[in-house]
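Single-letter residue listing:
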Amino acid sequence: MYMNKFKSFLALLAAVLMVATAAGCGHHDEKLSELKVGLMPDTCSLPFIIAQEKGYFAEEGLKVDLQQFKSAMDRDSALQSGNLDGAVSDLLAVGFAKDGGFDVKVTSATDGDYRLVAGKAAGTKDPKMLAGKDVAVSKNTIIEYVTDRILEKAGMKPDSINKVAIPQIPARLEMLQSGKLTAATLPEPMDSIAMSNGCVSVTSAKEMGINPGVVMFTEKAVSGKKAEIQAFYRAYNKAVHYLNETPPEEYMDIVIEKGGFPPASRSALVLPKYREAVLPNEEDISACMSWLIKKGLVKSSFGYNDIVSDVIAK
């Protein structure tokens with residue numbers, strides 16, 4: 001009788017140890033599929049590049065194909081054609097995709113910034129001083145959206161400035177620096193380069209509480225590759241800690257080479273304080289959807305639950 005109880009105890013102990021061992025191994029036992037993710041040459045993409053270069057994706061047992069794009073149009077075409085699972089993007093692109101019948105989900109916010117920069121001659125830090133002046137934007141994009149929101153928060157109307165459409169960011173930067181424009185809205189690192197060359201920061205999206213940058217995945221990826229996306233964000237969080245705790249000179253070569261940044265950004269680039277993966281807030285989504293509807297760029301408005309998927313939740 002005693003022997004039978006002892007054998008039962010040993011069997012139970014073995015089962016407990018097997019469960020504990022499996023728990024200790026965690027997610028690494030699971031065979032994960034590859035994720036294909038599109039990046040843009042901006043600071044939002046840097047944690048993903050660091051996660052790849054420092055081996056954080058590999059530590060999670062995940063293979064990630066990071067693909068660089070020069071234009072949002074090319075990135076979005078690759079996503080809709082099935083060549084990407086997800087992309088570093090913005091809320092406007094999400095609204096355009098969903099309005100066009102292509103289902104995507106926002107899985108996190110990003111920490112990049114967009115800055116309204118005045119030329120050397122203008123030298124103003126007050127948005128109101130730009131009334132009636134030439135300000136370069138790219139029309140119907142995140143750049144124009146941020147510009148309009150900055151003006152709105154400063155108590156100005158979008159048509160109070162003379163918007164000059166210059167889609168190519170390098171051309172926008174060059175014209176600003178040469179004095180052909182009063183101001184321009186630029187993404188990082190171009191805004192840092194402009195300021196290092198004597199231009200003046202008026203304000204930025206982050207300073208005004210405007211946060212339109214997101215990571216989006218296709219609905220197909222969200223429903224079929226949940227474990228992969230969760231592993232993706234675990235690696236992302238490791239990269240965030242690395243970037244926040246490591247002197248820039250230790251990773252700046254990677255940033256220049258893999259991020260597609262111009263060499264001038266080596267000394268000028270100012271990185272944000274990155275956050276661990278977090279969902280966007282509802283106010284940013286509703287403000288962006290309202291802007292798209294008001295400008296007639298989409299037919300339907302989408303709410304928070306239509307757009308956001310909390311796939312990163314444990």
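Quantities reported herein were computed from a predicted structural model and do not represent experimental measurements.

## Side note on the side chain of N237
Stage number 1. By the secondary structure assignment, N237 is in helix α10 (residues 226–245).
Stage number 2. Sequence-distant contacts of N237, that is, excluding residues within four places in its chain, are made with E276 and A277.

## Describing the layout of surface pockets
Stage number 1. In this model, the largest pocket occupies a volume close to 1000 Å³.
Stage number 2. Lining the largest pocket we find 37 residues, and of these M40, K70, S71, A72 and I169 sit closest to its centre.
Stage number 3. Those elements giving two or more residues to the lining of the largest pocket turn out to be α4 (72–80), β3 (86–90), α5 (91–99), α6 (142–153) and α7 (169–177).
Stage number 4. Looking at the lining of the largest pocket element by element, the count peaks at 4 residues for α4.

## Digging into the packing of α6 against helix α13 (residues 282–294)
Stage number 1. As a packed pair, α6 and α13 sit with axes 11 Å apart at the nearest point and diverge in direction by 105 degrees. The angle between α6 and α13 places the two elements in the roughly perpendicular class. Side by side, α6 and α13 meet where E144, Y145, D148 and R149 of the first sit next to D284, A287, C288 and W291 of the second.

## Some details on the confidence of the model for the protein chain
Stage number 1. Looking at the protein chain as a whole, its pLDDT mean stands at 88, while 90% of the residues score no less than 70.
Stage number 2. At the low end of the mean pLDDT range in the protein chain sits helix α1 (residues 2–25), at 45; at the high end sits helix α3 (residues 56–59), at 98.
Stage number 3. In the model, residues 12–27 has pLDDT below 50 throughout and makes 3 contacts with residues more than four positions away in sequence or in other chains.

## Quick look at the environment of K157
Stage number 1. Position of K157 relative to the elements: it lies in the loop between α6 and β7 (162–165).
Stage number 2. On the basis of relative accessibility, which here comes to 61%, the residue K157 falls in the exposed class.
Stage number 3. In sequence terms K157 and A131 are 26 residues apart; their C-alpha atoms lie 9.4 Å from each other.

## Observations concerning the sheet that holds strand β9 (residues 200–204)
Stage number 1. Within the open sheet, the 5 strands sit side by side as β7-β6-β8-β5-β9. Their pairing is mixed. Sheet topology places β7 and β9 at the edges, where each strand pairs with a single neighbour. Adjacent strand axes in the sheet meet at a mean angle of 30 degrees, parallel and antiparallel pairs treated alike.
Stage number 2. Taken together, the 5 bridges between strand β5 (residues 114–118) and strand β8 (residues 183–187) define a ladder with antiparallel strand orientation. Considered in β8, the bridge of Y114 is made with P187.
Stage number 3. Sheet contacts for α7: β5, β6 (134–137) and β8; angle to β8, the most-contacted strand, approximately 140 degrees.

## Some thoughts on empty space enclosed by the protein
Stage number 1. All chains considered together, the criterion is met by 1 cavity of 30 Å³ or more.
Stage number 2. Of the voids in this model, the largest cavity is the one considered here, and its volume is about 40 Å³.
Stage number 3. As for the largest cavity, its lining consists of C44, T110, G112, D113, Y114, A205, K206, I210, N211, P212 and G213.
Stage number 4. Looking at the lining of the largest cavity residue by residue, the classes come out as 5 nonpolar, 4 polar and 2 charged.

## Quick word on the environment of K226
Stage number 1. Secondary-structure assignment places K226 in helix α10.
Stage number 2. Placed 194 residues apart in sequence, K226 and L32 show a C-alpha to C-alpha distance of 9.9 Å.
Stage number 3. Discounting chain neighbours no more than four positions away, the residues touching K226 are A221 and V311.

## Focus: the pairing of β9
Looking along a regular strand, one sees side chains alternate from face to face of the sheet.
Stage number 1. Burial within β9 is extensive, with 5 of its 5 residues counted as buried.
Stage number 2. Here 4 bridges tie β5 to β9, and the two strands are oriented antiparallel to one another. In the strand pairing of β9, V117 is matched with S201.

## Thoughts on the packing of aromatic side chains
Stage number 1. Scanning the entire structure with this criterion turns up 8 aromatic pairs.
Stage number 2. Ring centres 5.7 Å apart and planes at 90 degrees place the aromatic pair F217 and F232 in the edge-to-face group. Here the residue F217 occupies a position in strand β10 (residues 213–218), and F232 occupies one in helix α10, the gap between them amounting to 15 residues.
Stage number 3. Look at Y233 and Y236: their rings are 6.1 Å apart centre to centre, the planes differ by 75 degrees, and that puts the pair in the edge-to-face class. Residue Y233 and its partner Y236 are located together in helix α10, separated by 3 residues, close to a single helical turn. This pair shows no difference in class: Y233 is buried, exactly as Y236 is.
Stage number 4. Through a chain of ring-to-ring contacts, the aromatic side chains of F48, F57, F217, F232, Y233 and Y236 assemble into a single cluster.
Stage number 5. Cation over ring: K98 sits above F302, and NZ or CZ is 5.8 Å from the ring centre.

## Some points on the sheet that holds strand β4 (residues 104–109)
Note: strands within a sheet are paired through backbone hydrogen bonds, in either parallel or antiparallel orientation.
Stage number 1. Taken in spatial order, the 5 strands of this open sheet run β2-β1-β3-β10-β4, and their pairing is mixed. A strand with exactly one partner marks an edge of an open sheet, and here the two such strands are β2 (64–68) and β4. Neighbour-to-neighbour, the strand axes of the sheet open up by a mean angle of 30 degrees, direction not taken into account.
Stage number 2. Along the sheet, helix α2 (residues 46–53) makes contact with β1 (35–39), β2, β3 and β10, crossing β2 at roughly 135 degrees.
Stage number 3. Contacts between α4 and the sheet are confined to β3, β4 and β10, with β3 contributing the most and set at about 140 degrees to the helix.

What counts, and at which threshold
Residues numbered from 1 in each chain as written. Predicted model: local features only at pLDDT ≥ 70, side-chain atom pairs only at ≥ 80, totals over all residues. Heavy atoms only, no water. Helix = DSSP H or I, 4+ residues; strand = E, 2+ residues; numbered from the N terminus. Contact = heavy atoms within 4.5 Å. 1 Å grid on protein atoms, 1.4 Å probe; cavity = no way out; pocket = protein on both sides within 12 Å on 5 of 7 lines; lining within 4 Å. Points joined across faces, edges and corners; volume = space filled by probe spheres on them. Axes fitted to C-alpha atoms, helices over the stretch in contact; angles between N-to-C directions. Parallel < 35°, antiparallel > 145°, perpendicular 65-115°, else oblique. pLDDT = per-residue confidence, 0-100. Buried < 20%, exposed > 50% of the residue type's maximum accessible area, 1.4 Å probe, protein only. Pairing = 2+ DSSP bridges. Nonpolar A, V, L, I, M, F, W, Y, C, P; charged D, E, K, R; others polar. Phe/Tyr/Trp six-rings, centres within 6.5 Å; stacked < 30°, edge-to-face > 60°. Lys NZ or Arg CZ within 6 Å of the ring centre and 35° of its normal.

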